[in-house]
Amino acid sequence: MSHSHTLRFLFLFFCLIHAPLFSSSSQQEQEQQPHIMLPSQPTQKKLTTLHFYYHDILEGENPTVVQIIDPSNTPNSLGTTFMMDNALTEGPELSSKQVGRAQGMFGLASIQDRGMVMLINFAFSEEGEYKGSTLSMLGRNPVMDTVREMPIVGGTRLFRFASGFAIAKSLWSISTEQHFVVEYNITISLP
Ligand SMILES: *[C@@H]1O[C@H](CO)[C@@H](O)[C@H](O)[C@H]1NC(C)=O
């Protein structure tokens, strides 16, 4: 191969390798909310976004959240802890298509405010787009704020080595005392 052929080949090779990644990450960046500042990402990492609704069913015949620790006389109910196995749905209605379950725990972990510790494994349906993969979220959840951010610390199957963040927004307008709905946008980078 002549020198110019070699250069052209290398250039084409570079474009082929990188084109899908460039378009994928710039598309994802457009979907970010303006107030979220992403650190500059190495272009090799692929950004993936997930969007779903989370349902805390607190009372009734089939609650999906149960209290497991009920400490007495602690400041600001510190230590009060719940376990959940909540439905994740495509749309805001509980009757819309189920995409997975949120299985984990949350507890009151702040003497000053309603800051919770949140520990959730998002388990996506076997037959869905994410084929039984999981994402693990661990973070501080100041539940009185309408919009919160929590870290995604890892994943399995399609989401191995995932890291990122979740934006959770309480949908007060459609929530009741028995049924609390939260909209989630999760952004992860995968190797
Ligand atoms: C999630 O992303 C969609 C699309 O960018 C946006 O319309 C929605 O407001 C976001 N919701 C949250 C909770 O970030």
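Named according to an unreviewed UniProt entry, the protein chain is Dirigent protein originating from Arachis duranensis. Annotation of the protein chain in UniProt includes, under Sequence similarities (unreviewed entry), the sentence "Belongs to the plant dirigent protein family." You can read under Subunit (unreviewed entry) in the UniProt record for the protein chain the words "Homodimer."

### Examining the pattern of salt bridges
It is possible for side chains bearing opposite charge to pair when their charged atoms get close. Scanning the model with the defined rule gives 3 salt bridges in all. Close ionic contact of Asp113 with Arg140 constitutes a salt bridge, the shortest N to O distance being 3.2 Å. One end of the pair, Asp113, is in the loop between strand 4 (98–108) and strand 5 (115–124); the other, Arg140, is in strand 6 (residues 134–142), and 27 residues separate them in sequence. Note that Arg157 and Glu126 form a salt bridge whose closest N and O atoms lie 3.3 Å from each other. Highlighted residues: Arg157 in the loop between strand 7 (147–155) and strand 8 (163–170) and Glu126 in the loop between strand 5 and strand 6, separated in sequence by 31 residues.

### Focus: the side chain of Ser175
You can see Ser175 is positioned in the loop between strand 8 and strand 9 (179–190). From its side chain, Ser175 meets the backbone oxygen of Leu171 in a polar contact 2.8 Å long. Within the structure, the side chain of Ser175 is placed 2.9 Å from the backbone nitrogen of Val181, a separation counted as a polar contact. Once residues lying within four places of it in the same chain are set aside, the contact partners of Ser175 are Phe180 and Val181.

### A closer look at the confidence of the model for the protein chain
Averaged over all residues, the pLDDT of the protein chain equals 86, while 77% of them reach at least 70. In the model, residues 9–31 has pLDDT below 50 throughout and makes 12 contacts with residues more than four positions away in sequence or in other chains.

### As for the packing of aromatic side chains
One pass over the structure, following the stated rule, counts 10 aromatic pairs. Considering the side-chain rings of Phe82 and Phe106, the 5.1 Å spacing of their centres and the 20° angle between planes classify their relative orientation as stacked. Remark: Phe106 occurs in strand 4 and Phe82 occurs in strand 3 (residues 81–89); sequence separation between them is 24 residues. Every member of this aromatic cluster is reached through a ring pair, and the members are Phe52, Tyr54, Phe122, Phe124, Tyr130, Phe159 and Tyr184.

Cut-offs applied
- Residues numbered from 1 in each chain as written.
- Predicted model: local features only at pLDDT ≥ 70, side-chain atom pairs only at ≥ 80, totals over all residues.
- Heavy atoms only, no water.
- UniProt positions renumbered as here; feature names shortened; annotations may be inferred.
- Salt bridge = Lys/Arg side-chain N within 4 Å of Asp/Glu carboxyl O.
- Helix = DSSP H or I, 4+ residues; strand = E, 2+ residues; numbered from the N terminus.
- Polar contact = N/O pair within 3.5 Å; in protein donor to acceptor, adjacent residues only side chain to side chain.
- Contact = heavy atoms within 4.5 Å.
- pLDDT = per-residue confidence, 0-100.
- Phe/Tyr/Trp six-rings, centres within 6.5 Å; stacked < 30°, edge-to-face > 60°.

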